[in-house]
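Read off the chains here:
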There are 4 protein chains.
Amino acid sequence: MLADLLTTVFERRGRFTWSGDDDSRKIAELAEALVGTDGEMSGQKLGRIILGRFEAMEPDEKKTFFDHLARAMDFDPEGVRKALEAYEANPNRTTYAVFSAAAEPKRQEFIRRLNRVPQATGQLVAMRAELLKHTRTDPALAALDYDFQHLFSSWFNRGFLVLRPVNWESPAHILDKIIAYEAVHAIDSWDDLRRRLQPSDRRCFAFFHPAMADEPLIFVEVALTRGIPSSVQDLLSEDRQSIDAEEADTAVFYSISNCQAGLANISFGNSLIKQVATDLAMDLPNLKTFVTLSPIPGLRSWLEEQGRALPDDPETLRALAAHYLMEAKRTTGVPRDPVARFHLGNGAQIHKVHAGADLSDKGRDQSGGAMVNYLYDLTKVSQNHERFATKGKISATSEIRSLSAGGRKLLAEKAGA
Amino acid sequence: MLADLLTTVFERRGRFTWSGDDDSRKIAELAEALVGTDGEMSGQKLGRIILGRFEAMEPDEKKTFFDHLARAMDFDPEGVRKALEAYEANPNRTTYAVFSAAAEPKRQEFIRRLNRVPQATGQLVAMRAELLKHTRTDPALAALDYDFQHLFSSWFNRGFLVLRPVNWESPAHILDKIIAYEAVHAIDSWDDLRRRLQPSDRRCFAFFHPAMADEPLIFVEVALTRGIPSSVQDLLSEDRQSIDAEEADTAVFYSISNCQAGLANISFGNSLIKQVATDLAMDLPNLKTFVTLSPIPGLRSWLEEQGRALPDDPETLRALAAHYLMEAKRTTGVPRDPVARFHLGNGAQIHKVHAGADLSDKGRDQSGGAMVNYLYDLTKVSQNHERFATKGKISATSEIRSLSAGGRKLLAEKAGA
Amino acid sequence: MLADLLTTVFERRGRFTWSGDDDSRKIAELAEALVGTDGEMSGQKLGRIILGRFEAMEPDEKKTFFDHLARAMDFDPEGVRKALEAYEANPNRTTYAVFSAAAEPKRQEFIRRLNRVPQATGQLVAMRAELLKHTRTDPALAALDYDFQHLFSSWFNRGFLVLRPVNWESPAHILDKIIAYEAVHAIDSWDDLRRRLQPSDRRCFAFFHPAMADEPLIFVEVALTRGIPSSVQDLLSEDRQSIDAEEADTAVFYSISNCQAGLANISFGNSLIKQVATDLAMDLPNLKTFVTLSPIPGLRSWLEEQGRALPDDPETLRALAAHYLMEAKRTTGVPRDPVARFHLGNGAQIHKVHAGADLSDKGRDQSGGAMVNYLYDLTKVSQNHERFATKGKISATSEIRSLSAGGRKLLAEKAGA
Amino acid sequence: MLADLLTTVFERRGRFTWSGDDDSRKIAELAEALVGTDGEMSGQKLGRIILGRFEAMEPDEKKTFFDHLARAMDFDPEGVRKALEAYEANPNRTTYAVFSAAAEPKRQEFIRRLNRVPQATGQLVAMRAELLKHTRTDPALAALDYDFQHLFSSWFNRGFLVLRPVNWESPAHILDKIIAYEAVHAIDSWDDLRRRLQPSDRRCFAFFHPAMADEPLIFVEVALTRGIPSSVQDLLSEDRQSIDAEEADTAVFYSISNCQAGLANISFGNSLIKQVATDLAMDLPNLKTFVTLSPIPGLRSWLEEQGRALPDDPETLRALAAHYLMEAKRTTGVPRDPVARFHLGNGAQIHKVHAGADLSDKGRDQSGGAMVNYLYDLTKVSQNHERFATKGKISATSEIRSLSAGGRKLLAEKAGA
């Protein structure tokens, strides 16, 4: 579909069959040559060879290559100082350009030039996924990753992305990836996938980037229901009766999955739910409520830090979960729970907490089966977002607030006991 | 066509009808706010307001706005120095990120954030077109333009572009733009356009960017002929008989037009001819010769600098033209003629020079009617390009070289006389 | 667009390049052979040759060919009688099939087999257009035309047609045909066309058949207005200010054109206006009124038959026009005016008559400049249609009815005078 | 994909939501009314109701409905005679039209009018599939089926069909149907399907009709191989190594499946293989051989009729199989084996017979595991087809002819024994 149009006739037909890698230079030399060349055509050939070599490397060779980028293609502090002085002495376009170039490590230009090769964007995303395996332990590679992130933020900015429905009429090779990338409630077969896409009361939407047209970047799965559901197993049951989309009053965002490890920390998902909600509201005027049914992935580990196990009693569980969502913060002041952070940052409200809502092994393990509905009230998301972003205020129903108060008391009692 | 797929369902239907510009802050404040916000949604709204305000501004207001970007959103040299020292003292991701941010003027992030607004890319290109009116006279604005150019080089890199045929089955609103943007041999009506697109022996190809899907960036018009033509008026004659594409042995690139003033000096046209030639060669195996029929825009003015007028004698004209193309250089050593620079940089050869080849007013004025064929020999373009790029060697036929030698003699005689 | 998908890869690329017409038989023999063969491939080749020969014929040769079809490929009455008796004696599938085949002239099967050739449908439509030049004068050819009409009714039935918008993003070769086929208010240039397609308050829709994907069959042009217009020149004025589609309360169908002479009397336009109106009503909820601004093509000639000239006085003109539309009938009882017949048959109401509404030469000539609005009230079209179809009842406003009564009186006075 | 374009905007969005079946008349009355009405809109409503009612009927009610069509909507022999006389007395268009109408049962017009309803074509195909359950036992229903077949032959003629590749980028709902309709070598899972579509050395093509855009009509699966394969299990093995398409020298058509029971005996598959072969030959110039690997479904039952069991000895099996293919005929003289009939009728040659080629239960049961390659030599198919169609000549290699002679001897010996 999209891919047919986005890749040109030429590339589709594989017409630029390059003579392949007939270059005897080492990859480090090729990288230098790529940054040095001013020819688009020779640059494309170099880029293609480099990407091909990288793909074929063993993990330790890749690490060596990253080390080279991080060290040998870094910027030169002395050069920066000199260029800065020259600029200050005589600020004009030329001195500014020289300074800018000096302050930017050569590897940035290197990555940009690799990206000129057709289909390179996806390969660069994969390259960063590989790099991210080393960034925790190696500060120089972490700095290198900053360059990737900086460039990807520019290339994957929201204005370049395309939001498209994914359904049972979508190409199989895209659906393949939905199965592979589903991160919340695993899709275990094509029949399972069909149950999430084909019924009249199911929807799915994904963001795509034109240069990686076959790869969803992030997708959300939606169930259209009557009323707000309190169990994901009921929602996904094989035996459930589907309803007509027109009969539904509620849209439930029950799964949101990032697809590309190499796009970690590139933000583009924030507007996804709001866009999908706005569109569904237009198509299905009976929809009044837009809500998630979300996991609480950090509940157990947080409780354990408080010296508590996951309680068996549903009411106790709900109270502690509400308290965790409302009060557990990182040192930076943002909510500790990553899912809460995402939805609250989008302007959602903590609407309801359910016990016994996710009885899968994963659900029991991470939160004792508790789940939460985040509510997207389209008339309030901007205001909620603003208050959360500027003042750290979390929007929640009074029920949640009083549950949370109860949870605080329980913890205090325990601590006092 | 493309646009249908590239803009999402949502945006097409105009669903995100923003409340409009209800913000009482000045544009400079909005710009600060945009760079400061971390919310995607509030950022989109701010960006939309800023782009709307800019579009409505008078030219002098736009200049004032550019001044603000250039001066108030510049980088801070002291900040750079401090961040550099911190980085050197303790090089890690955080210190590197701080340094990188410090070395980059805030206006870069400002432009990147504007680009998150749907449809913004085209508006930013138009913004730069406006900016370019001032860059010759105002060094600060020239520096600002460097930031635009830097970002556009990244966004419009070859890997993101899509090459597509333009023909009589293309949408009228795209064809409108072909008429408007044709820069070499003006298209004076829809009938004229039809003569360039519909016949079996005519082709046209353009590069598009997915975020500006209705706007060609650069396009090339091709005539399929028997033999190499020596007159553009014959080539475009209303009365000419078209031939079957399969009968042609030669593809003539007779017009290449950049479409976007705001993309000046963003290089993406270099591979256009090679790609089109490669594709045509696959579809039409009888094609053996790929050649331009190009103007020599700088001939008259260069001759005048040599104290010569355009000669009437065709042979004299050809000799001087060959000499000009071979020998007239800028101080940087590259050919003085911009069209020669483009094609020789792409790896083409100076193949033949014709007198009486462009009898339009423009053609007579700039080169006394002389034109030149640059030959794209697909087996030699890489090698030609390399020798030109690295050693400044111009590839030319022996006929051209001996013509050029004759031209040199003529000039010397004249000078000696 | 459509064409890309509808013709297969194979046919698009012209891969079935037939060896051409290497057959020495006469076309009449080829026609016999085509009906006789049972091979799909040999049939396609024969069909292709026949269609090619026909296209190249002079008009008189075409007539001779039609004569052959009409006479030599007719059915055999004796064969029918025998087959009928056999069927009556022993009614089963075989005897029925023999009878059916006997009762159908061979030329029907001949036409069906021609239609198996890719792209043949359009050629057959053109063939019938040629045939229709002779059907008035030659009863045998009129009978032959019955066979074409019978088959075309089946092939062009409403269920096979596709309704699509035509706009400024449509392919130029389709727009070419809109210009050529506009039958009511001529489009005199691409700029005129643009004025009818590009503004926010203009729409156009056409029916297409998948086997003739580049050829509109019928199209309607729509103006979105505030209030019901009374002048087509105002509606199409170059200087008019367009309005936002959302501001309009009225959709005016101001031109409906059949495109294919060879599809005369194949009915598929009846649902066009109702469909377009239904769709516009969904997209633009502010639209409340769906109305035509239609010519009255038969007014002058009818008045002349009544011994009256077109009056100068606007009120007299309106009264006579209303009377003509309401009362002038063919011997079969249907309205004499073809445009009235079409819209009343669709279930529209005669809403208003205007003098001075079409000041073009054609408008003055046929109706003294008078025009009429037919109103499509979507809640009443079915009922109106039924009453018109079964009882000949014409729906009209009381104003029209009293105007018509006045017109009757005027005619009577005149006759009495 | 196709469906998006083929169904109009209006119908896609389900805009014509009919008031439903609010008609109190019986279906037989509705059928009369549909044939009687001349209004397109009222006809569409009637048709929709009738189709809806039919779909909801129990099998015996459907049979009753067919009886009604067959008997009450038959033609009237007396009417035919009278109309015939009137035509002979005065042959013109009117008398011809009256005769034609009289000789055609009303049910034909009934079916045509049902087909005007959007999406009706598929429902009519399903209706015929239901009808075919009764045609063997009920001659009147067999006659009724003739009318369906007559109309379907016209609607599904080759010129209206679209050949399209089916691959791993095809929509899942189309692939669903490939799984369901595969009739030769069952596809038992999505993974099995993927193995037939995704590898570089596999292809699949299907014919579609624009009015049933989501339904393949017939499809062929192709394996690209080096050399002619002799075992379908090897061809479809999970463990096999795929090769590059460019390396293959042979295209093997290993499965052809008709998809629509309701299109039985509507011939459109004949050109499928030739078209696919022609196209593959263009795309992959290394392909030299186009061949099937086909079952021999009638071998066992024919041998049994000859008093022979399937032999164990491979050579004996091959000889008997060759003899069966060459010599076993129906009373009409055409080959008894349906697969042989299809390919020989298309102009193929019997190329090679293999023992142990299909070791599935089905393959062992019907032919003792024997299979046959039919060769499509594109330079000879027309000639082969012609000789087969006109003279019943079967094209075979000399190896097959001598095998067949051996088979004859074996049978004679046996008989003589």
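Residues numbered from 1 in each chain as written. Chains lettered and ligands numbered in written order. Predicted model: local features only at pLDDT ≥ 70, side-chain atom pairs only at ≥ 80, totals over all residues. Heavy atoms only, no water.

Draft legend 1. Focus on the packing of helix α11 (residues 172-181) of chain B against helix α12 (residues 190-197) of chain B. Residues and elements named next belong to chain B. Between α11 and α12, the least distance of the axes is 11 Å, while the angle of their chain directions is 100 degrees. Taken as axis vectors, α11 and α12 run roughly perpendicular relative to one another. Each of A172, L175, D176, I178 and I179 in α11 lies in contact with α12, whose residues at this interface are W190, L193 and L197. Residues that form the contact of α11 with α12 fall into these classes: seven nonpolar, no polar and one charged. (Axes fitted to C-alpha atoms, helices over the stretch in contact; angles between N-to-C directions. Helix = DSSP H or I, 4+ residues; strand = E, 2+ residues; numbered from the N terminus. Parallel < 35°, antiparallel > 145°, perpendicular 65-115°, else oblique. Contact = heavy atoms within 4.5 Å. Nonpolar A, V, L, I, M, F, W, Y, C, P; charged D, E, K, R; others polar.)

Draft legend 2. Main features of the relation of the copies chain A and chain B. Note on the identical chains: chain A maps onto chain B by a rotation of 180 degrees and an axial translation of 0.0 Å, with an RMSD of 0.1 Å. This pairing of chains is accounted for by a two-fold axis. Comparing contact sets, 99% of the residues at the interface of chain A also lie at the interface in chain B, consistent with an isologous, same-surface contact. (Least-squares fit on C-alpha atoms with pLDDT ≥ 70 in both.)

Draft legend 3. Seen up close, the arrangement of the chains. In this assembly chain A lies apart from chain C, the nearest approach of their C-alpha atoms being 11 Å. Taking C-alpha atoms as the reference, chain B and chain D come no closer than 11 Å and do not contact one another.

Draft legend 4. Region of the structure containing the packing of helix α10 (residues 139-155) of chain A against helix α7 (residues 93-103) of chain B. One way to put it is that α10 of chain A packs onto α7 of chain B with a least axis distance of 8 Å and a crossing angle of 35 degrees. Like other packed secondary-structure pairs, α10 of chain A and α7 of chain B cross with a definite hand, here right-handed. On the side of α10 of chain A, the interface is formed by P139, A142, A143, D145, Y146, D147 and Q149 of chain A, while α7 of chain B contributes R93, Y96, A97, S100 and A101 of chain B. Among the residues making up the contact of α10 of chain A with α7 of chain B, the classes are represented as seven nonpolar, two polar and three charged. (Left-handed = near helix turned anticlockwise from the far one by under 90°.)

Draft legend 5. A look at the relation of the copies chain D and chain C. When chain D is fitted to chain C, the best match, at an RMSD of 0.1 Å, comes from turning it 180 degrees and sliding it 0.1 Å along the axis. Looking at chain D, 99% of its interface residues are interface residues in chain C too, so the copies touch through the same face.

Draft legend 6. Representation of the nonpolar core within the structure. With 182 residues, the main nonpolar core has F110 and F156 of chain C together with F110 and F156 of chain D as its most contacted residues. For F110 of chain C, the residues in contact, after removing those within four places along its chain, are A31, L34, V35, I50, F65, L69 and M73 of chain C. (Core = buried A, V, L, I, M, F, W, Y, C linked by side-chain atoms within 4.5 Å. Buried < 20%, exposed > 50% of the residue type's maximum accessible area, 1.4 Å probe, protein only.)

Draft legend 7. Representation of helix α16 (residues 314-327) of chain C. Residues and elements named next belong to chain C. Taking 1.5 Å per residue, 14 residues should reach 20 Å; α16 reaches 20 Å between its end C-alpha atoms and fits that length. Of all 14 residues in α16, 11 are buried, a share of seventy percent or more. Within the span of α16, buried status applies to T316, L317, R318, A319, L320, A321, A322, H323, Y324, L325 and M326. (Expected span 1.5 Å × (residues − 1).)

Draft legend 8. Seen up close, the interface of chain D and chain C. Taken together, the 83 residues of chain D in the interface contact 82 residues of chain C. A buried area of about 7000 Å², summed over both sides, lies between chain D and chain C, and 61% of it is on carbon and sulfur atoms. Put simply, chain D and chain C have four salt bridges between them. E88 of chain C serves as the salt-bridge partner of R81 of chain D, at 2.4 Å between the closest nitrogen and oxygen. Inspection of the region where chain D meets chain C yields 18 residue pairs in polar contact (both at pLDDT 80 or more). Class assignment of the residues belonging to the side of chain D that touches chain C gives a composition of 38 nonpolar, 23 polar and 22 charged. (Buried area = accessible area lost by both parts, 1.4 Å probe. Salt bridge = Lys/Arg side-chain N within 4 Å of Asp/Glu carboxyl O. Polar contact = N/O pair within 3.5 Å; in protein donor to acceptor, adjacent residues only side chain to side chain.)

Draft legend 9. Region of interest: the side chain of H354 of chain D. Assignment of secondary structure puts H354 of chain D in strand β7 (residues 349-354). In this structure the side chain of H354 of chain D is engaged in a polar contact, spanning 2.6 Å, whose partner is the side chain of N373 of chain D.

Draft legend 10. Representation of the interface of chain A and chain B within the structure. Tallying the contact residues gives 83 residues for chain A and 82 residues for chain B. A combined buried area of about 6900 Å² lies between chain A and chain B, and 61% of that area is made up of carbon and sulfur atoms. If you look at where chain A meets chain B, you find four salt bridges. For the side of chain A that touches chain B, the element with the most residues is α10 of chain A, which contributes 11 residues. Residues belonging to the side of chain A that touches chain B are distributed by class as follows: 38 nonpolar, 23 polar and 22 charged.

Draft legend 11. Representation of unusual backbone geometry within the structure. Residues other than glycine seldom take positive phi values, yet Q119 of chain A does so here, at roughly 70 degrees. Following the sequence through the fold, Q119 of chain A ends up in the loop between α8 (106-114) and α9 (120-131). Not every positive phi belongs to a glycine, and N265 of chain C is a case in point at roughly 65 degrees. Classification of N265 of chain C by relative accessible area gives exposed; the value is 63%.

Draft legend 12. Representation of the domain arrangement of chain A in the model. Residues and elements named next belong to chain A. Here the domain parsing of chain A yields domain 1 (17-155) and domain 2 (160-416). Here the C-alpha centre of domain 2 lies 37 Å away from the C-alpha centre of domain 1. At the junction of the two partners, domain 1 supplies 11 residues and domain 2 supplies 11 residues. The junction of domain 1 with domain 2 conceals about 850 Å² of combined surface from both sides, 63% of it contributed by carbon and sulfur atoms. Area buried by domain 1 at its contact with domain 2 is led by V125, R128 and W155, which between them contribute 42% of it. Where domain 1 packs against domain 2, one counts zero salt bridges. Listing elements by their share of the side of domain 1 that touches domain 2, those giving two or more residues are α9 and α10. Looking at the side of domain 1 that touches domain 2 residue by residue, the class counts come to five nonpolar, five polar and one charged. (Domains from an automatic or database assignment.)

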